[in-house]
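Per-entry structural report
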Amino acid sequence: MNKLLPYPFFVLFSMLAFNITAFTVMLQMDMLAFNATVFKVIAWLVTAGSWSLVYIYRNK
């Protein structure tokens, strides 16, 4: 295993989860063109799912 990057999926999913969270926060603050409640709920569910992937790959 590579000693410089021992957890590649953790790093990948962490970056993706952070970007998805930033998008969801922007959506929640109504700073984007669309502000439907359904989009906000879906965005929060995707955010929770992405952070759960980070949690799963944390110790692998």
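These remarks concern the structure in this document. (Residues numbered from 1 in each chain as written. Predicted model: local features only at pLDDT ≥ 70, side-chain atom pairs only at ≥ 80, totals over all residues. Heavy atoms only, no water.)

The subject of this paragraph is the environment of Met26. Along the chain, Met26 falls in helix α1 (residues 8-28). For Met26, a relative accessible area of 33% translates into the label partly exposed. Here the alpha-carbon distance between Met26 and Lys40, two residues 14 residues apart in the chain, equals 10.0 Å. Residues within four places of Met26 in sequence aside, it is in contact with Met31 and Leu32. (Helix = DSSP H or I, 4+ residues; strand = E, 2+ residues; numbered from the N terminus. Buried < 20%, exposed > 50% of the residue type's maximum accessible area, 1.4 Å probe, protein only. Contact = heavy atoms within 4.5 Å.)

Between α1 and helix α2 (residues 37-56), whose axes approach to 9 Å, the crossing angle comes to 160°. In terms of orientation, α1 lies roughly antiparallel with respect to α2. Crossing geometry of α1 relative to α2 is assigned as left-handed. Contacts from Phe10, Phe13, Ser14, Ala17, Phe18, Ile20, Thr21, Thr24, Leu27 and Gln28 of α1 reach α2 at Phe39, Lys40, Ala43, Trp44, Val46, Thr47, Ser50, Trp51, Leu53 and Val54. Here the residues of the contact of α1 with α2 sort into 13 nonpolar, six polar and one charged. (Axes fitted to C-alpha atoms, helices over the stretch in contact; angles between N-to-C directions. Parallel < 35°, antiparallel > 145°, perpendicular 65-115°, else oblique. Left-handed = near helix turned anticlockwise from the far one by under 90°. Nonpolar A, V, L, I, M, F, W, Y, C, P; charged D, E, K, R; others polar.)

Moving on: a nonpolar patch on the surface. On the surface, Phe9, Val11, Leu12, Met15 and Leu16 cluster together into a nonpolar patch covering about 450 Å² of accessible area. With respect to the helices, strands and loops of the structure, Phe9 is situated in helix α1. (Patch = residues over 30% accessible without salt bridge, like charges linked within 9 Å, V, L, I, M, F, W, Y side chains within 5 Å. Areas by Shrake-Rupley, 256 points an atom, 1.4 Å probe, with all protein chains shown as cover. Salt bridge = Lys/Arg side-chain N within 4 Å of Asp/Glu carboxyl O.)

Here the focus is α1. The first and last C-alpha atoms of α1 sit 30 Å apart over 21 residues, in line with the 30 Å expected at 1.5 Å per residue. All of the buried residues along α1 are Phe13, Ser14, Ala17, Thr21, Thr24 and Leu27. On an axial view of α1, the arc spanned by its buried residues comes to 150°, and they lie on one face. For α1, the elements touching its buried residues are α2. (Expected span 1.5 Å × (residues − 1). Arc of directions from axis to C-beta.)

What follows concerns the environment of Val54. Looking at the element boundaries, Val54 is found in helix α2. Judged by its relative accessible area of 7%, Val54 falls in the buried class. C-alpha separation for the pair Val54 and Val11, spaced 43 residues apart in sequence, amounts to 8.3 Å.

Interpretation note: all reported values are geometric properties and have no functional meaning in isolation.
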